[in-house]
Structures are given as structure tokens and as C-alpha cells.
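One-letter residues, chain by chain:
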Amino acid sequence: GGVYLGGIGAANKLDDYEQGVFNVELWAGGTQLTLSQYGGSYVKVGNLVTINFEADCVNPNGASGSLEVRGMPFAIADVISPTGIEANGSVSYWRNWSATINSPSVYAEGNTTQLYVMGATSSTMLSNVNLTAAHIGTGEFRGTITYRST
């Protein structure tokens, strides 16, 4: 099956389209955070994947280290040289975080199935840093990102 876009040659055939849902997990420093509500949806066209997700933390379980959003439905391709950061996305809704954070966002590293959460804290107002479980505490957030899959 498939559909031809802009011509009838093999390069014009779109035969890989998928949509679905996946489970989101939050981790920091090897410790999984307890979530009350979580989930994500995705659309994959060829190797381009767009996801939307939510994570509502009710217990950070004493976790430390960089906050990771795990469970992406497809592995993230390593296509941008020389950096390992392959895509950047947005966090458009966040509330009840333990720390004041400005401009939170997510980014994807190649050859993984996880995202990292970053933002500007009160001590780093001019530059974003990786956030930790201590920053979100028992807060919640929603995010979106588009990346290339392997």
C-alpha cells in the first residue's frame, strides 16, 4: 500500500504512516519517579516522529540527577553531526514545580529512547541547565517534540 506524493517514482511513495500511544516514565539518576497521570501519543511519517506527552509526579522518591522522560515509541536517530543533541521540543504547560523555572524545554539525544528536561533556574537565569527531580517536586508538565527515528 501507500500513496504517491508529487510524482509516481519510488522516491515519491509514502508507505510508512503510524499513530498510537505510549507510556511515559520519569527517571532521575537511576530512580523512577512515581506518576499519577502520564501518557503520550505519537504520529510517525517515514522516519519523522512527533510526540505529545504528559507527566504528573506525585513522589520524586528522593531521586537526584538529570530528569529524563523515558519510553519514546521509537529510538532517536543520531543524524546531526557533531552534536549528540538531535531535536529540541517545548514544554508548554507546567505547574506546581518546587522551583521557579523559566522557559522549560525538552531535548533528545541520538541513539536513545529518552528526552531530557531543561530550563533556566533562579541561579542560571541567562542559560538553561538540565533540570532534576528536585526542580519539579510533585509538579506536572506537558511537552511535545519532533525527531527522526532510526
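Residues numbered from 1 in each chain as written. Predicted model: local features only at pLDDT ≥ 70, side-chain atom pairs only at ≥ 80, totals over all residues. Heavy atoms only, no water.

**Here we look at the pattern of salt bridges**
- Scanning all chains against the criterion turns up six salt bridges.
- The closest approach of N and O atoms between R142 and E54, which form a salt bridge, is 3.3 Å. Highlighted residues: R142 in strand β13 (residues 140-148) and E54 in strand β7 (residues 48-59), separated in sequence by 88 residues.
- Among the residues examined, E54 registers a relative accessible area of 23% and is labelled partly exposed.
- When the shortest N-O distance is used, the salt bridge between E68 and R70 registers 2.8 Å.
- Members of the salt-bridge network, linked through shared partners, are E54, D56, R95, E140 and R142. (Salt bridge = Lys/Arg side-chain N within 4 Å of Asp/Glu carboxyl O. Helix = DSSP H or I, 4+ residues; strand = E, 2+ residues; numbered from the N terminus. Buried < 20%, exposed > 50% of the residue type's maximum accessible area, 1.4 Å probe, protein only.)

**Some remarks on the pairing of strand β8 (residues 67-70)**
- Where strand β4 (residues 25-28) lies against β8, four bridges are found, and the strand directions are antiparallel. When the bridges of β8 are listed, A28 appears paired with L67.
- Bridge count for β8 against strand β11 (residues 114-120) is three bridges, and the pairing is antiparallel. Within β11, the position partnered with E68 by the bridge is Y116. (Pairing = 2+ DSSP bridges.)

**Topic: the nonpolar core**
- Formed by 32 residues in total, the largest nonpolar core has its most connected members in I51, L115 and F141.
- Those residues in contact with F141 that lie beyond four places of it in its chain are L26, F53, E54, A55, D56, V69, V91, Y93, W94, W97, V117 and I136. (Core = buried A, V, L, I, M, F, W, Y, C linked by side-chain atoms within 4.5 Å. Contact = heavy atoms within 4.5 Å.)

**A short note on the side chain of T112**
- With respect to the helices and strands, T112 occurs in the loop between β10 (102-109) and β11.
- The buried category is assigned to T112, whose relative accessible area is 17%.
- Here the side chain of T112 touches E109 through a polar contact of 2.7 Å, landing on its backbone oxygen.
- A distance of 3.4 Å separates a polar side-chain atom of T112 from the backbone oxygen of Q114.
- Filtering out sequence-adjacent residues up to four positions away, T112 remains in contact with A75 and I76. (Polar contact = N/O pair within 3.5 Å; in protein donor to acceptor, adjacent residues only side chain to side chain.)

**Thoughts on the packing of aromatic side chains**
- Following the criterion strictly, the structure yields six aromatic pairs and no others.
- Residues F53 and F141 carry aromatic rings whose centres are separated by 5.8 Å and whose planes lie at 90° to one another, so their mutual orientation is edge-to-face. Placement of the pair is F53 in strand β7 and F141 in strand β13, with a sequence separation of 88 residues. The pair formed by F53 and F141 is uniform in burial state, with each residue classed as buried.
- Considering the side-chain rings of Y107 and Y116, the 5.4 Å spacing of their centres and the 25° angle between planes classify their relative orientation as stacked.
- Its relative accessible area of 7% is what places Y107 among the buried residues.
- With a relative accessible area of 12%, Y116 lands in the buried category.
- Across from the ring centre of F74, 5.2 Å away, lies the NZ or CZ of K44, which sits over that ring. (Phe/Tyr/Trp six-rings, centres within 6.5 Å; stacked < 30°, edge-to-face > 60°. Lys NZ or Arg CZ within 6 Å of the ring centre and 35° of its normal.)

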